[in-house]
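# Structure assessment
In case you want the letters, here they are:
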Amino acid sequence: MTLAETPNTEDSLNPFLTLNYEAALASLGDDYYDEVKAAEFPQHILRWRNDSLLPKLGLNPQVVKDEDFINTFGKFQGSQPCLALRYHGYQFGEYNPQLGDGRGFLYGQIRGTDGELYDFGTKGSGRTPYSRGGDGMLTLKGGVREVLAAEALHQLGVRTSRCLSMMETGLSLWRGDEPSPTRSSVMVRMSSSHIRFGTFERLYFLQRPDLIQKLLDHVIEHYYPHLAHEPDKYALFYAELVQRVAKLVAQWMAAGFCHAVLNTDNMSITGESFDYGPYAFIPTYDPYFTAAYFDYYKRYCYAHQPGICQLNLEMLQQPLKAIIPQTALEAGLAQFSDYYSAEYQTLMLKKLGFEQLSFPEADELLSLTIKVLQDSQVGYHQFFYEMARTFSVKWRDEPGCILNSSDCVPASGASAIFDNWCILYHKILNNFDPDDMGRIAQTLAHYNPQTVLLRPVIESIWEPIAQEDNWQPFYELIKKLQSRD
Ligand code: AMP
Ligand code: MG
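Rules used in this analysis
Along every chain, residues carry numbers that run from 1 in the direction the sequence is written. For naming, the first written chain is A and the first written ligand is 1, with later ones following in the order written. Local features in this predicted model are restricted to residues of pLDDT 70 or higher, and side-chain atom pairs are both shown and tallied only at a pLDDT of 80 or more, whereas totals for entire chains, interfaces and linings draw on every residue. Only heavy atoms go into the side-chain values, all of them from the structure, while hydrogens and water stay out. Runs of H or I in DSSP of at least four residues are treated as helices and runs of E of at least two as strands, each being numbered from the N terminus. As a reference, a globule follows 2.2 Å times the number of residues to the power 0.38, and the radius of gyration itself is taken over C-alpha atoms. Partly exposed describes any residue whose relative accessible area lies between the buried limit of under 20% and the exposed limit of over 50%, with all areas from a 1.4 Å probe on protein chains only and scaled to the type maximum. Here, residues are in contact when the closest pair of their heavy atoms is within 4.5 Å. By the counting scheme adopted, Arg and Lys are positive, Glu and Asp are negative, and His together with the chain ends is not counted. In this description, the location of a charge corresponds to atom NZ of lysine, CZ of arginine, CG of aspartate or CD of glutamate. When DSSP locates at least two bridges between a pair of strands, those strands are taken to pair. As a rule, the C-alpha atoms of each element are fitted with a line to give its axis, helices using only the stretch in contact, and angles between N-to-C directions run from 0 to 180 degrees. For classification purposes, angles smaller than 35 degrees are called roughly parallel, those larger than 145 roughly antiparallel, those between 65 and 115 roughly perpendicular, and all remaining angles oblique. Should the near helix be turned anticlockwise from the far one by less than a right angle, the crossing is left-handed, and should it be turned clockwise, the crossing is right-handed. Just so you know, the domain bounds were taken from an automatic or database domain assignment. Each residue is tested against the molecule or strand, and it is near if at least one of its non-hydrogen atoms lies within 4 Å. Polar contact is the term for a pair of N or O atoms within 3.5 Å; when the atoms are in protein, one must be able to donate a hydrogen and the other to accept it, and sequence-neighboring residues count only if both atoms are side-chain atoms. The Shrake-Rupley method, run with a 1.4 Å probe, gives the accessible areas here. Residue values count only the displayed protein chains as cover. Throughout, the ten residues Ala, Val, Leu, Ile, Met, Phe, Trp, Tyr, Cys and Pro are labelled nonpolar, Asp, Glu, Lys and Arg are labelled charged, and all others, Gly among them, are labelled polar. Grouping buried Ala, Val, Leu, Ile, Met, Phe, Trp, Tyr and Cys residues that are joined through side-chain atoms within 4.5 Å yields what is termed a nonpolar core. Stacked, tilted and edge-to-face are the three classes assigned to paired rings of Phe, Tyr and Trp, where Trp is represented by its six-membered ring and a pair needs centres within 6.5 Å; plane angles under 30 degrees give stacked, over 60 edge-to-face, the rest tilted. Should the NZ of a Lys or the CZ of an Arg lie within 6 Å of a ring centre and within 35 degrees of the ring normal, that charge is described as sitting over the ring. Helices are assigned an expected span. That span is 1.5 Å times one less than the residue count. One side-chain nitrogen of Lys or Arg within 4 Å of one carboxyl oxygen of Asp or Glu is enough to make a salt bridge.

## Remarks on the overall build of the protein chain
Scanning the protein chain from terminus to terminus reveals 14 helices and 12 strands. Relative to the 2.2 N^0.38 estimate, which gives 23 Å for 485 residues, the radius of gyration of the protein chain is 24 Å and therefore close to what a compact globule would have. Its C-alpha atoms give the protein chain principal-axis dimensions of about 75 × 60 × 45 Å. The 485 residues of the protein chain split such that 57% are buried. Within the protein chain, contacts between residues separated by at least 24 positions form 71% of all contacts whose residues are at least 6 apart in sequence. Counting 41 positive and 59 negative side-chain charges, the protein chain places the centres of these two groups 2 Å from one another.

Below is the structure:
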């Protein structure tokens, strides 16, 4: 049934159903997906609607009813086929050809008011040919955690998918990592694409260079359109992907974020961050902090993330070399470290109050800051927030004034590393005019919000939901995250 044929019932007034869906991926043909049907749920209780995304769809939040969300993203009314995407991937270093959308599908694609193409992808919408032994469902806590991760990262300036909606679906699920039975949810993610590195890896495994070529042309047309008419567009695509991924991982590192499952099926071909399972924000600067309890060898620990992303990009060369010369792929990847370091330094300097700082002070300040964070084991986010909270023009007077009204850092004389950091920060402040202090204070405040999505914070909002079905703390937390409070 096409949209024009949609019956003139209440539903035809549903603004989500009258959006102009583009069958971009569907037009590639069924080598890339399977048509599936959504599960029917006993309940649809809308727990989260992300009104801040609606203007991007050309919709006014005030005219979109809760019922519209439920009918579209819980009951999956609508005319376009739901597509479970096929992909493989390297999981913890091992190739797995048994993947694919096992609990989700692509509901539809929409051109945003910004001209970009967006996917509505589900999570927890039922079984598909790729569910293997799984139930195709998402726990309510899993849904809550992904909503929060995406909002928090977005506000911290990380290029990320967002959640458009999340509803409770009334099933009891059994999980090894949650007290069970546990409640169920279905979530809809709005992302730039669900095409993953693993989508290409599958086609290499199947020895289908023709399908790799077709998919690559599709990716360039929709996600790298400025390259579409370049004679060496394929090499330029890979070089830009390297840059986008290097920037993304720098954003995670500066935000103190550990994704936890950096398998190649969780790496987007657009360089956007997505799929938040057992992630965590680091409590303190610990390079080996590991978020997933099943990551026994700390493969995806905090400090390994840049190297792992680089490795994943290198593995992507295998399918791409059917189309792109090896020398071009190598030249592209050779830029990764420079892109990463430059972006990480820029972002960390902003957290330290500086929009720009000249070399070599920038290098010196960054490495000394990391030493302080690692040596003192002060809260990673607390350290920067305290800088923002207590910053004063008096910090120019003498190093001992810096952070001296904060009890989260070592007292003067107690740590040589911290004292040296104060001396350096003091020296740098004195390279600026007194008039610049206001701008530094603003930069500190802008990049270091008070509310951080540490695990105890998530647990503190989950408890009222689990114990009393009280969602107020969840909404208040999102409001704080969204206002960078
Ligand atoms: P993830 O760890 O969420 O990236 O998922 C890895 C693979 O396992 C993907 O193919 C998922 O679709 C699949 N999967 C994860 N959880 C389930 C589930 N409850 N039921 C079916 N498939 C699942
Ligand atoms: Mg995944």
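Text resumes after the structure shown.
## So, the pairing of strand β10 (residues 182-191)
In terms of burial, β10 is largely enclosed, as 9 of its 10 residues are buried. For strand β7 (residues 117-123) and β10, the ladder comprises 5 bridges, and the chain directions are antiparallel. Residue pairing for β10: Asp119 is matched across the bridge by Ser191. Of the strand pairs in this sheet, strand β8 (residues 138-139) and β10 are connected by 2 bridges, and their pairing is antiparallel. Note that in β10 the partner of Leu138 across the bridge is Ser185. One ladder, built from 8 bridges, connects strand β9 (residues 162-173) with β10; its direction is antiparallel. By the bridge assignment, Met166 is partnered in β10 with Met187.

## Notes on the packing of helix α3 (residues 197-205) against helix α4 (residues 209-223)
At a minimum axis separation of 9 Å, α3 and α4 run at an interaxial angle of 160 degrees. With respect to their mutual orientation, α3 and α4 come out roughly antiparallel. For α3 against α4, the interelement crossing comes out left-handed. Where α3 abuts α4, its residues Thr199, Phe200, Leu203 and Tyr204 lie against Leu211, Ile212, Leu215, Leu216 and Val219.

## Quick word on the domain arrangement of the protein chain
Partitioning the protein chain into structural domains gives domain 1 (26-197) and domain 2 (352-447). Here the C-alpha centre of domain 2 lies 42 Å away from the C-alpha centre of domain 1.

## Points about the site of ligand 1
Around ligand 1, the surrounding shell holds 16 residues, and the nearest of these are Gly100, Gly102, Arg132, Gly136 and Asp275. At a separation of 2.8 Å, a nitrogen atom of ligand 1 approaches a polar backbone atom of Gly136. Within the side chain of Asn266, an N or O atom sits 3.1 Å from an oxygen atom of ligand 1. Protein coverage of the free-state accessible area of ligand 1, which is 490 Å², stands at 79%. Here the shell around ligand 1 is composed, by residue class, of 3 nonpolar, 6 polar and 7 charged.

## What about the nonpolar core?
In terms of nonpolar packing, the biggest core is built from 127 residues, with Leu148, Phe237, Phe383, Trp421 and Tyr425 touching the most fellow members. Examining the composition of this core, we find that 14 residues originate from one element, helix α5 (residues 233-255), more than from any other. Counting contributing residues, this core receives three or more from each of domain 1 (26-197) and domain 2 (352-447). Leaving out residues up to four positions away in the same chain, Trp421 has contacts with Leu352, Leu365, Leu368, Thr369, Val372, Phe383, Met387, Ile402 and Leu403. Counting residues in each nonpolar core, the second largest holds 31 residues, with Phe16, Leu46, Phe105 and Leu173 among its members.

## Overview of the side chain of His194
Tracing the backbone through its elements, the reader meets His194 in the loop between β10 and α3. Among the residues examined, His194 registers a relative accessible area of 5% and is labelled buried. A distance of 3.3 Å separates polar atoms of two side chains, one belonging to His194 and the other to Arg189. Those residues in contact with His194 that lie beyond four places of it in its chain are Leu85, Asp119, Gly121, Arg189, Thr199 and Phe274.

## Observations concerning the side chain of His259
Along the chain, the position of His259 falls in the loop between β11 (257-258) and β12 (280-281). Of note is the side chain of His259, whose polar atom sits 3.2 Å from the backbone nitrogen of Val261. A distance of 3.0 Å separates the side chain of His259 from the backbone oxygen of Asp275, its partner in a polar contact. Residues contacting His259, with those up to four places away along its chain left out, are Trp252, Asn266, Phe274, Asp275, Tyr276, Tyr279 and Gln305.

## A short note on the packing of aromatic side chains
Tallying each qualifying case throughout the model produces 35 aromatic pairs. Both rings, one in Phe76 and one in Tyr107, keep their centres 6.0 Å apart while their planes meet at 50 degrees; by these two values the pair is tilted. A residue pair is termed long-range when its members are at least 10 positions apart, and Phe76 in the loop between α1 (66-73) and β3 (82-85) and Tyr107 in strand β6 (residues 106-111) qualify at 31 residues. An identical accessibility class is assigned to Phe76 and Tyr107; each is buried. Between the aromatic rings of Phe354 and Tyr425, the centroid separation amounts to 5.5 Å while the plane-to-plane angle is 45 degrees, which identifies the pairing as tilted. Here Tyr425 lies in helix α11 (residues 416-429) and Phe354 lies in the loop between α8 (336-351) and α9 (361-376), a separation of 71 residues in the sequence. In terms of burial, Phe354 and Tyr425 fall into one category: buried. Each residue in the set Tyr285, Tyr302, Phe354, Tyr380, Phe383, Phe384, Phe391, Trp395, Phe418, Trp421, Tyr425 and Phe432 is aromatic and connected to the rest through ring pairs, giving one cluster. Its guanidinium or amino end placed over the ring of Tyr279, Arg145 lies 4.2 Å from that ring's centre, counting from NZ or CZ. A cation sits over an aromatic face here: Arg244 above Tyr224, 3.7 Å from the ring centre.

## Quick look at α11
Since the α-helix turns once every 3.6 residues, residues separated by three or four places project in the same direction. The end-to-end C-alpha distance of α11, which contains 14 residues, comes to 20 Å, matching closely the 20 Å that a straight helix rising 1.5 Å per residue would cover. Buried within α11 we find Phe418, Trp421, Cys422, Leu424, Tyr425, His426, Ile428 and Leu429.

## Focus on the environment of Ala291
Mapping Ala291 onto the fold places it in the loop between β12 and α6 (305-320). C-alpha of Ala291 to C-alpha of Gly277: the two residues are 14 residues apart in sequence and 9.6 Å apart in space. Contact partners of Ala291, with chain neighbours within four places excluded, come to Cys258, Ala260, Pro278, Tyr279, Ala280 and Arg455.

## A short note on the pattern of salt bridges
All told, the structure shown has 24 salt bridges when counted by the stated rule. Connected through salt bridges with shared partners, the residues Arg47, Glu168, Arg183 and Asp469 form a single ionic network.

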